[in-house]
Amino acid sequence: MSTDGVVSAEPRLTRKGRATRERIVTTAAGLMFDHGVAGTSIEDVQAAAGVSSSQIYHYFRDKRALVRAVIACQTDAVLGAQQPLLDRLDSVEALRKWRDLLVGLQRERHYEGGCPLGSLAGELAETDPAARAALAAGFGTWESAIRAGIQAMRDRGELPADADPERMARALLAALQGGLLLTQVRRDTAGLEAALDTVIDHIAGVGAGTSQHVG
């Protein structure tokens with residue numbers, strides 16, 4: 001069985017089977033985003049996806065296995081929404097464009113919902129160790145993409161040799177998560193903008209110091 005709880009026979013699914021499984025997962029993801037994991041039952045997913053209970057249990061051993069599939073789905077969706085910028089965060093300008101994208105996405109969503117991964121983490125981290133590990137992996141993938149861009153800046157000499165891309169990436173991700181939470185609660189992006197701008201300005205300042213030294 002794979003880490004997201006899918007039965008080992010998944011590679012042999014037919015096209016129809018893959019489509020059914022995907023419909024179950026995306027339906028569950030939407031319901032859990034809107035109502036929380038605790039507020040979403042297997043019966044709710046069954047009704048909304050238009051499938052039978054036997055179909056759900058054919059693909060997922062239990063609700064926890066479905067939740068892990070939802071985490072994988074939401075990770076892909078969250079990171080996909082930031083492409084192609086997320087893979088090219090190798091300049092201060094690129095970081096600022098990424099910041100603008102994130103702020104714009106929240107405005108398009110009318111400041112509702114927060115971060116899908118953050119919401120799942122808040123609900124599951126203390127009660128479901130497997131889900132917590134899956135969420136940690138998702139955040140790790142997110143952080144790695146940010147770190148790769150900052151590492152590229154350091155490799156080109158745009159940041160000093162003693163700059164710590166891992167620490168900077170972690171700070172950006174932490175600022176983003178805190179900012180998204182404030183956006184959800186306050187229904188504005190002021191906190192998100194302030195958090196991201198502060199970290200990006202710090203990175204820009206570190207880089208400017210390097211440029212002055214080289215000059």
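Thresholds, definitions, all that
- Residues numbered from 1 in each chain as written.
- Predicted model: local features only at pLDDT ≥ 70, side-chain atom pairs only at ≥ 80, totals over all residues.
- Heavy atoms only, no water.
- UniProt positions renumbered as here; feature names shortened; annotations may be inferred.
- Helix = DSSP H or I, 4+ residues; strand = E, 2+ residues; numbered from the N terminus.
- Buried < 20%, exposed > 50% of the residue type's maximum accessible area, 1.4 Å probe, protein only.
- Contact = heavy atoms within 4.5 Å.
- Expected span 1.5 Å × (residues − 1).
- Polar contact = N/O pair within 3.5 Å; in protein donor to acceptor, adjacent residues only side chain to side chain.
- Phe/Tyr/Trp six-rings, centres within 6.5 Å; stacked < 30°, edge-to-face > 60°.
- Core = buried A, V, L, I, M, F, W, Y, C linked by side-chain atoms within 4.5 Å.
- Domains from an automatic or database assignment.

**Q** Looking at this structure, I do not really get the UniProt feature "domain: HTH tetR-type" (unreviewed entry) in the protein chain. What am I missing?
**A** Those places that UniProt annotates as "domain: HTH tetR-type" (unreviewed entry) correspond, in this numbering, to residues 18–78. Within residues 18–78, the helical portion is 80% and the strand portion 0%, while the C-alpha atoms at the span's ends are 21 Å from each other.

**Q** What is the right way to read the side chain of Thr-183 from this model?
**A** Note on placement: Thr-183 falls in helix H8 (residues 165–186). Among the residues examined, Thr-183 registers a relative accessible area of 0% and is labelled buried. Every residue in contact with Thr-183, bar those within four places of it in the chain, is listed here: Gln-106, Tyr-111, Asp-188, Thr-189 and Leu-192.

**Q** Before we go on, may I ask you to explain helix H4 (residues 63–80) in this structure?
**A** Because each turn of an α-helix spans 3.6 residues, side chains separated by three or four positions end up pointing in the same direction. In this model, H4 (18 residues) spans 25 Å end to end at C-alpha, consistent with the 26 Å of a helix rising 1.5 Å per residue. Among all positions of H4, only Ala-65, Leu-66, Val-67, Arg-68, Ala-69, Val-70, Ile-71, Gln-74, Thr-75, Val-78 and Leu-79 are buried. As for H4, its buried residues are in contact with helix H1 (15–35), helix H2 (42–49), helix H6 (116–124) and helix H7 (129–155). For H4, the N-terminal capping position is held by Asp-62, with its side-chain oxygen 3.2 Å away from the main-chain nitrogen of Arg-64.

**Q** Is there a simple way to explain the packing of aromatic side chains in this structure?
**A** Two descriptors summarise a pair of aromatic rings, namely the distance from one centre to the other and the angle between the planes of the rings. Scanning the model with the defined rule gives one aromatic pair in all. Judged by centre distance (6.1 Å) and plane angle (5°), the ring pair of Phe-139 and Trp-142 falls under stacked. With Phe-139 and Trp-142 both in helix H7, this residue pair falls three residues apart, about one helical turn. According to the relative accessible area criterion, Phe-139 is buried, its value standing at 17%.

**Q** Is there a simple way to explain the nonpolar core in this structure?
**A** When a protein is soluble and globular, its nonpolar side chains tend to lie buried together. Ranked by internal contacts, the top residues of the largest apolar core, which has 56 residues, are Trp-98, Trp-142, Ile-146, Leu-172, Leu-176 and Ile-203. Counting contributing residues, this core receives three or more from each of domain 1 (15–70) and domain 2 (71–214).

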